[in-house]
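Residues per chain are reported as follows:
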Amino acid sequence: SFRPTLNQVGFIRLSLWDGNRSNGLGATLSVNLHSNSFYGPIIGSTAPVSLPDNFGAAGYEFVNFFFSSPVTVQPEATYFFEPVVDSGDTWWAGGGILFYDRGNSLVFGQSGFPTDYWFREGIVVPEPSAGLLVILGTAALCRLSQRAIAGTR
């Protein structure tokens, strides 16, 4: 469970690794976002992400799960995310005693206290287009050159 600080969730980032390595199977995973309880209504689902066999073999690796559009949530209300193996092999989520005070870990719907899973939630901030960056850069250079020319007179 978690209590968001923002009014939207655009992605959830999890620490994952292959639970049955070197068997030639990867997996396709997604994440469901529930309101009210772990078994409450699903208010959003992420796009599936395909992960290869042995993913995370060198240690924890992080995977971003994106919602097709940001899911509206109420800050400080409790929500639950559910990683789902859509197809393929067994996967594990990274965690430990992380002292996360904005929710708690659940294992098959039961509290896993004091263990927490590593995750991040947030919104996606689009990057400016290359064309816009070129225009802004050109405008800045023009302005600087005008100041340099004015300063030499």
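For the structure, see preceding data.
This report concerns the structure included in the present document. Here the structure is a predicted model, which is why all the values come from computation and not from measurement.

### Let's talk about the overall build of the protein chain
A count of helical and extended segments in the protein chain gives 1 helix and 12 strands. Order of helices (α) and strands (β) in the protein chain, N terminus to C terminus: β-β-β-β-β-β-β-β-β-β-β-β-α. For the protein chain, the residues scored as buried account for 29% of the 153 residues in total. The long-range fraction of contacts in the protein chain, counting pairs at least 24 apart against all pairs at least 6 apart in sequence, stands at 74%.

### Things to note about the side chain of Asp 89
Residue position: Asp 89 is located in the loop between strand S6 (79–88) and strand S7 (91–93). In this structure Asp 89 is buried but unpaired, with Arg 21 as the nearest side chain of opposite charge at 9.0 Å. Here the side chain of Asp 89 touches Asn 23 through a polar contact of 2.9 Å, side chain to side chain. Non-local contacts of Asp 89, meaning those with residues more than four positions away in its chain, are made with Asp 18, Asn 20, Asn 23, Leu 25, Gly 26 and Ala 27.

### Details of the nonpolar core
Core analysis: the biggest nonpolar cluster contains 20 residues, and Leu 33, Leu 51 and Phe 65 have the highest contact counts within it. Listed by contribution, the elements that provide at least two residues to this core are strand S1 (8–18), strand S2 (27–35), strand S4 (49–51), strand S5 (61–72) and S6. Residues within four places of Leu 33 in sequence aside, it is in contact with Phe 2, Pro 41, Ile 42, Ile 43, Gly 44, Phe 67, Val 71, Val 73, Tyr 79, Phe 80 and Phe 81.

### Quick notes on the pairing of strand S3 (residues 42–45)
If a strand is regular, its side chains alternate between the two faces of the sheet. Pairing of S2 with S3, which is carried by 3 bridges, proceeds in the antiparallel orientation. Pairing of Asn 32 across the sheet is with Ser 45, part of S3. In sequence, S2 turns back onto S3 through a hairpin of 6 residues, with Asn 36 there showing a positive phi of about 75°.

### With respect to the pairing of S2
Among the 9 residues of S2, 9 are classified as buried, and the element is accordingly described as predominantly covered. Because side chains alternate across S2, one face comprises the buried residues Ala 27, Leu 29, Val 31, Leu 33 and Ser 35, and the other comprises Thr 28, Ser 30, Asn 32 and His 34, equally buried. With 3 bridges connecting them, S2 and S4 associate as antiparallel partners. In the sheet register, Thr 28 faces S4, and the bridge partner there is Ser 50.

Here is what the cut-offs are and how they apply
- Residues numbered from 1 in each chain as written.
- Predicted model: local features only at pLDDT ≥ 70, side-chain atom pairs only at ≥ 80, totals over all residues.
- Heavy atoms only, no water.
- Helix = DSSP H or I, 4+ residues; strand = E, 2+ residues; numbered from the N terminus.
- Buried < 20%, exposed > 50% of the residue type's maximum accessible area, 1.4 Å probe, protein only.
- Contact = heavy atoms within 4.5 Å.
- Lys, Arg positive; Asp, Glu negative; His and termini not counted.
- Salt bridge = Lys/Arg side-chain N within 4 Å of Asp/Glu carboxyl O.
- Polar contact = N/O pair within 3.5 Å; in protein donor to acceptor, adjacent residues only side chain to side chain.
- Core = buried A, V, L, I, M, F, W, Y, C linked by side-chain atoms within 4.5 Å.
- Pairing = 2+ DSSP bridges.

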